[in-house]
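Read off the chains here:
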Amino acid sequence: MLQHKSLLGSTVLCEHRGKLNPCGVGAGIALLQVQSVAASASASASASSHKRNPRLHSGYRGKRLNLTRPAFPMATRHLSHMARAALTTDPTAERAGRFSLDGDIVLQVEVIPPSQGCACKVVFRMTNSYDNWVLHWGVIREGKEGWTLPAQRPEGTKVYKDRALRTPFQKFAADSSVKLEIADPSVRAIEFLIHDEGQNKWFKNNGKNFHVKLPVKAEPIQDVSVPEDLVQVQAYLRWERKGKQMYTPEQEKTEYEAARAELLEEVVRGVSVEELRRRLRKGNEHREVKEQKLSLSGSGVPDELVQIQAYIRWEKAGKPIYSPDKQLREFEEARKELQMELDKGTSLDEIRLKIIKGDIQTKVSKQLEKKSYFTPERIQRKKRDIMQMLNKYAIKPEEEKTSAKPKALTAVELFADANEQDDGPKLLKKIYQLGDKQLLVHATKPGKIKVLLATDLKEPVLLHWGLSKNNREWLAPPPSVLPQGSSSLEKAAETPFTSTSAADTRDQLQHLEIQIEGSDFVGMPFVLLSSGNWIKDNGSDFYIDFTATPKPVGNDLGDGRGTAKNLLEKIATMEDEAQKSFMHRFNIAAELLDEAKDAGQLGLAAIFVWMRFMATRQLIWNKNYNVKPREISKAQDRLTDSLQNIYRDRPQHREILRMIMSTVGRGGEGDVGQRIRDEILVIQRKNHCAGGMMEEWHQKLHNNTSPDDVVICQALIDYLKSDLDISIYWKTLNENGITKERLLSYDRAIHSEPNFNRDQKEGLLRDLGNYLRTLKAVHSGADLEAAVSNCMGYQAEGQGFMVGVQINPVAGLPSGYPELLHFVIEHVEDRKVEALLEGLLEARQEIRPLLFQSHDRLKDLIFLDIALDSTVRTATERGYEEMNNAGPEKIMHFIALVVENLALSSDNNEDLIYCLKGWSVALDMLKNKDHHWALFAKSVLDRTRLSLASKAEWYQQVLQPSAEYLGSLLAVDQWAVNIFTEEIIRAGSAASLSSLLNRLDPVLRKTANLGSWQIISPVEAVGYVVVVDELLSVQNKYYDQPTVLVAKHVKGEEEIPDGVVAVLTPDMPDVLSHVSVRARNSKICFATCYDGDILADIQAAQGKLLRLKVKSADIIYSLADEGELNGASSNNVKENSSLPLISLARKNFAGRYAISSEDFTSELVGAKSRNISFLKGKVPSWIGVPTSVALPFGAFEEVLADGLNQEVAKKMNRLKKDLEAGDVRILEEIRKTVLQLAAPPQLVQELKSKMLSSGMPWPGDEGEQRWEQAWLAIKKVWASKWNDRAYFSTMKVGLDHDYLSMAVLVQEVISADYAFVIHTTNPSSGDATEIYAEVVKGLGETLVGAYPGRALSFCCKKNDLDSPMVLGYPSKPIGLYIKRSIIFRSDSNGEDLEGYAGAGLYDSVPMDEEERVVLDYSSDPLINNGNFRQPLLSSIARAGNIIEELYGSPQDIEGVVKDGKIYVVQTRPQM
């Protein structure tokens, strides 16, 4: 046998300084040999050893090294083939061996030593080979025995039984090859076998593994150092060749020191610092560093001065984020600047005095300590068009749309329904699947425990059961509880089922009932015996827990309305299977996604609710089922892949899909999940903690890992960091929902506490920190560090039996994105969070375009975005302290950031986008010292609150019904169901935003002199405090004593209940809304309270007598005495003695269906029509009055009496009799019946004639369908006579509803830019010298109807109409717009009746539906252009003053603005 040596002899470094390859490793140091694994053990017996020249060895100590020179013996190896010289493709390659394998097939192994910045390469070539050859291999690490699996592997490599890697040879002509790259310096050798898969033949080296020894780097000598700027360049080169991964701070430090060690090696081997500097500038023969030609000349400028000068340049540039290549160029420029100073004759001392000022040296030294240059205090955000963020995927909540018919109930289900036990709280009601049969278990606890069992098994069934005094133990039941026919055994009893017929079916069932008295027993275990077969619950005994919290009777399933009911029921039937493990649950969820997708928004809501119940531990995570972590992560991977595909294809559902993904975790195929199982063993072995709590946790991890393990790992880390304070361990667990009872509840329970010693602390902190990353990679989709790592790429080498992991960076990330994420990670725990928030938002904005594209790593991007979103919330909450002493500008900036974050996470974000634009305008106004800035900011704040309320309502409508239905099906704790939606809202940035708004509100009110109240009806009152949620819910109630009503919600269209003397609310109804007018007419105090503390104080006085006094723009409240009731305002308290002396006169049909405005009289039309006719020709030409015609009083009754409508008339008479009998539910049916009326031909002809002669378009000219639209609108006006609110109002004041007549005013709709309402006497103050008006964008319906938000309001003195004063800017999010059309306005004989304010009770209906537009005020000249706003508001006020003078009394005027022209569409006396 021949010895096979390296072809180059060894060298001693000190004898060959300067003769180094680019990596700084002597060429002769490479010990490249193919050898048998066992050869080293037998070398002394088979051949003499060969002494080598001494090899350098060093012990690393900080930045310097201490030199030792031990001898290094070289063992001989026995080989079956002689190595022969052969040319290689790389001149640096070392030929390690050449072997004949089979016939003329030859294997040649070459080793290419590492060059600077490059890995060591091993090339396997086979000549004359054919397909199906595989390299079966592993690596040997220093100090380790046996194979380990590196993370860096060629493409196509597969893991073989977690013990080896299998890489196929790549075929080229008659040859094939495999190329390995080994960058890990701890790898000392490669071992391998060759496998011919085609013939299933294995090739070994004399029956042993082939062994290739890799080059060993020599250690640097002592007292050597390199400049820091070169270390940074080298660190950058390492980072670049590793794919520009995102490093954690710990990894960054490790890489930085590794770069230093590489350069120290070269210096030790004789390379001068200047040679290193030149080479790093120019590159080397093996690697061209693109665009990194660092001109670090060998000048006389010390490095520390270059670093300071570079820092000064960076500060002057605004501290931007520099990429590594930009950093290098900055160093070069700084060096050049200082060199120019030297060239001018300036000394180094003079330069030093000039640039080292203040704390600049301290700042630079701190950056050097962090191994980080040019670290900005905040990032510079890019300028973006906010509208590019716009998403418009609004979906209205709706019932489940599915063609699937509800499944027929089984015999057992019918029996369960027919035998529902309502005599006590339920302990358990569940139907178990027994193959194609079922078992009902229904247990209640009304006092004694009742257990009802039923099954549709055909063969006779015997119940084998016991009772437990301790959990799940078997004890024989006492004779007193045994049903008839039972027999007692040693630790059990047996009871036969009896046969019965199932309800509503002919199926035969078997059932039995057991009653158990006393509280000694905690549960009932049982199994079934049928036909000699034992029937269990998935291999375990059935068990009824008597200690479970009983579910109250009546808290039942409901009808599932507003949910994907069929899907929720399917989920409930599969929950038993899902409880086996996370693998089962995630696989079931993946299988249900297609059905959920087809059901739309409600289907996906069903999946989310289910996953959320799981994530909040409301459902069982594991039920005695052993599953490998890799199987869990694979199931997660399957589910999240499916979710990412729906996310890509269904953009309208992205928000709810993000919510689902946030509950699941990323998962991963194979390797990452398996490391959970592998790494814990390595941690135990390395740190000598194999017993106690760590072993119990290890057993749990092997049995079934879960998100709890992330918390447990963090608790252990916190415990170690606290110097082994066990209370910190429990604090972390408890804060995250893990109690001692929960630890004991695992199938592999954790009984013990950690008990480490201080010697273990450092190693465990390091290893558990790395392990936490592995756990988060599987379980924590929303963890920022894990999400960043998955996107930026990382690798983790295997140790021992562990597999390695390599995650490649996501392709196509924006330029500079790694640096941006690095900034975020570096600042993520900062106490001051403003810069962090800006970085987080910039990171979200940068990847947003990728989230809307098809991408093979889309889910990693989604999880990153979810994590960034979540971090915004936590950072905002941490920043509350920063807000305590902050000025309004900073608070507004914070609010804008959180609004932007919420908009980035919302499907339908148009309103949020315009809120964001509003905050931008408000900030600009503040910076420009616009005196209206606070007033405008208050309107944006109010609108933002409305947007949050709308979002909360969406969650409530979409999610809560599913939570309630599924929660009932799965017996979820009722408290968890009740707060389901509330907790979802709290978990997002909406809750943080709401808190910030609450901080800013009082600041704005104080600055804008708004006070704590807006007084809508200024009346003093005394009454008993009653608190209600909605005014609407009590509007028909009668209070028998004076009442101050505190209502959380007031929309604007409600009635004020009898007996109420004041209404106080935090809501913001318009000053001119129906309820506001009602309050003023009825002399009831009505006010909005903006101060939550004041409102809470009033609410706390519930049931007490309160006095309200109006003082200027404030309300003074205090407790009152009973005696004060006598003289207090009580206008709305119902008097039994009399009703208002008002009445209606019956109006008769005058023989005409249509009349022109010249014919408008009190006998034919109401005041609305007459007033608009009166204005014609009396107002100046700059005030427009629309042309009008009308359907007069009596026209409705005449149409009803027409023979065409005989059947409708009969039905109306019948319904009206029912109404008179007190059945108010008939009102809706009457309205529907009116819509069935047919139009008499004479009506059509007369109306057409009058409209055309008046210059109005006739709808029928556009087709019959257009006339039908007009006719429907007319009928809707007539039908509004029976509106609920209108009917109750007439009853309240004793009017004969039958006498109320309805004319219809017909006008052409003016497509308005703005609409307004004027009160020529200020309604809030009663000041007759002051006009008050409100203006909205679009049609006036948003002003007089119940549309949320406020209008622009202003007042104007009548003696100074050119100086309107804005009182408030608009916050209404919606505007109504319409094309050229016709509107049909209600004009009853009761709308302006003195003592009865009928205005607003009846409907005006446009022929065409209005378009709802989300409003953008930021570009509206009414808001941002004083030169436009002032003359427009003055014109509106002047028009009101003119009309008031015409009538000689205060007027309530409605009008519009079109292209700058004022139009008045109606006026009436101000009530």
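Below you will find a few notes about this structure.

Thresholds applied
Residues numbered from 1 in each chain as written. Predicted model: local features only at pLDDT ≥ 70, side-chain atom pairs only at ≥ 80, totals over all residues. Heavy atoms only, no water. Helix = DSSP H or I, 4+ residues; strand = E, 2+ residues; numbered from the N terminus. Expected span 1.5 Å × (residues − 1). Contact = heavy atoms within 4.5 Å. Axes fitted to C-alpha atoms, helices over the stretch in contact; angles between N-to-C directions. Parallel < 35°, antiparallel > 145°, perpendicular 65-115°, else oblique. Left-handed = near helix turned anticlockwise from the far one by under 90°. Nonpolar A, V, L, I, M, F, W, Y, C, P; charged D, E, K, R; others polar. Salt bridge = Lys/Arg side-chain N within 4 Å of Asp/Glu carboxyl O. Buried < 20%, exposed > 50% of the residue type's maximum accessible area, 1.4 Å probe, protein only. Phe/Tyr/Trp six-rings, centres within 6.5 Å; stacked < 30°, edge-to-face > 60°. Lys NZ or Arg CZ within 6 Å of the ring centre and 35° of its normal.

Attention now moves to helix α36 (residues 1206-1220). The first and last C-alpha atoms of α36 sit 21 Å apart over 15 residues, in line with the 21 Å expected at 1.5 Å per residue. Along its buried surface, α36 packs onto α35 (1195-1201), α37 (1226-1234) and α40 (1284-1293).

Before going further, it helps to spend a moment on the packing of helix α10 (residues 565-578) against helix α12 (residues 601-615). In contact at an axis separation of 10 Å, α10 and α12 are set at 30 degrees when each is read in the N-to-C sense. Considering the angle they form, α10 stands roughly parallel to α12. The two elements α10 and α12 meet at a crossing, and its hand is right-handed. Of α12, the residues touching α10 (which contributes Leu567, Leu568, Ile571, Glu575 and Ala578) are Gly603, Ala606, Ile607 and Trp610. Here the residues of the contact of α10 with α12 are counted per class, giving 7 nonpolar, 1 polar and 1 charged.

If you walk through the whole model with that rule in mind, you get 65 salt bridges. Between Arg381 and Glu842 there is a salt bridge; the shortest N-O distance is 3.0 Å. Note that Arg381 is positioned in the loop between α8 (360-369) and α9 (411-418) and Glu842 in helix α23 (residues 834-851), a separation of 461 residues in sequence. Since its relative accessible area comes to 26%, Arg381 is described here as partly exposed. Judged by its relative accessible area of 4%, Glu842 falls in the buried class. Between Asp865 and Arg658 there is a salt bridge whose closest N-O contact spans 2.4 Å. Of this pair, Asp865 sits in helix α24 (residues 858-878) while Arg658 sits in helix α14 (residues 654-664), and the two are 207 residues apart along the sequence. Take Asp865: its relative accessible area is 2%, and that puts it in the buried class. In the salt-bridge network here, residues are joined through shared partners; they are Arg381, Lys382, Arg384, Glu842, Glu846 and Glu900.

It is worth spelling out the packing of aromatic side chains at this point. The tally for this structure, following the rule as stated, stands at 25 aromatic pairs. Consider the rings of Phe192 and Phe210, whose centres lie 4.8 Å apart with planes at 15 degrees: the pair is stacked. One end of the pair, Phe192, is in strand β13 (residues 187-196); the other, Phe210, is in strand β15 (residues 210-213), and 18 residues separate them in sequence. Here Phe192 and Phe210 have matching classes, each one buried. Taking the centre distance of 5.1 Å and the plane angle of 80 degrees together, the rings of Tyr432 and Phe542 count as edge-to-face. Pair noted here: Tyr432 is in strand β16 (residues 426-434) and Phe542 is in strand β26 (residues 542-545), with a separation of 110 residues, a long-range link. Classification of Phe542 by relative accessible area gives buried; the value is 1%. Connected via pairs of aromatic rings, a cluster forms that spans Phe1196, Trp1258, Trp1267, Trp1271, Trp1278 and Trp1282. In this structure, Lys1178 is placed above the aromatic ring of Phe1174, and the distance from its NZ or CZ to the ring centre is 4.5 Å.

What follows is about the packing of helix α21 (residues 784-792) against α24. In the contact formed by α21 and α24, the axes pass within 9 Å of each other and the chain directions differ by 150 degrees. Our classification of the angle between α21 and α24 gives roughly antiparallel. Remark: the crossing between α21 and α24 carries left-handed chirality. Contacts between α21 and α24 involve Leu784, Ala787, Val788, Asn790 and Cys791 from the former and Asp860, Leu861, Phe863, Leu864, Ala867, Leu868 and Thr871 from the latter. In the contact of α21 with α24, the residues fall into 9 nonpolar, 2 polar and 1 charged.

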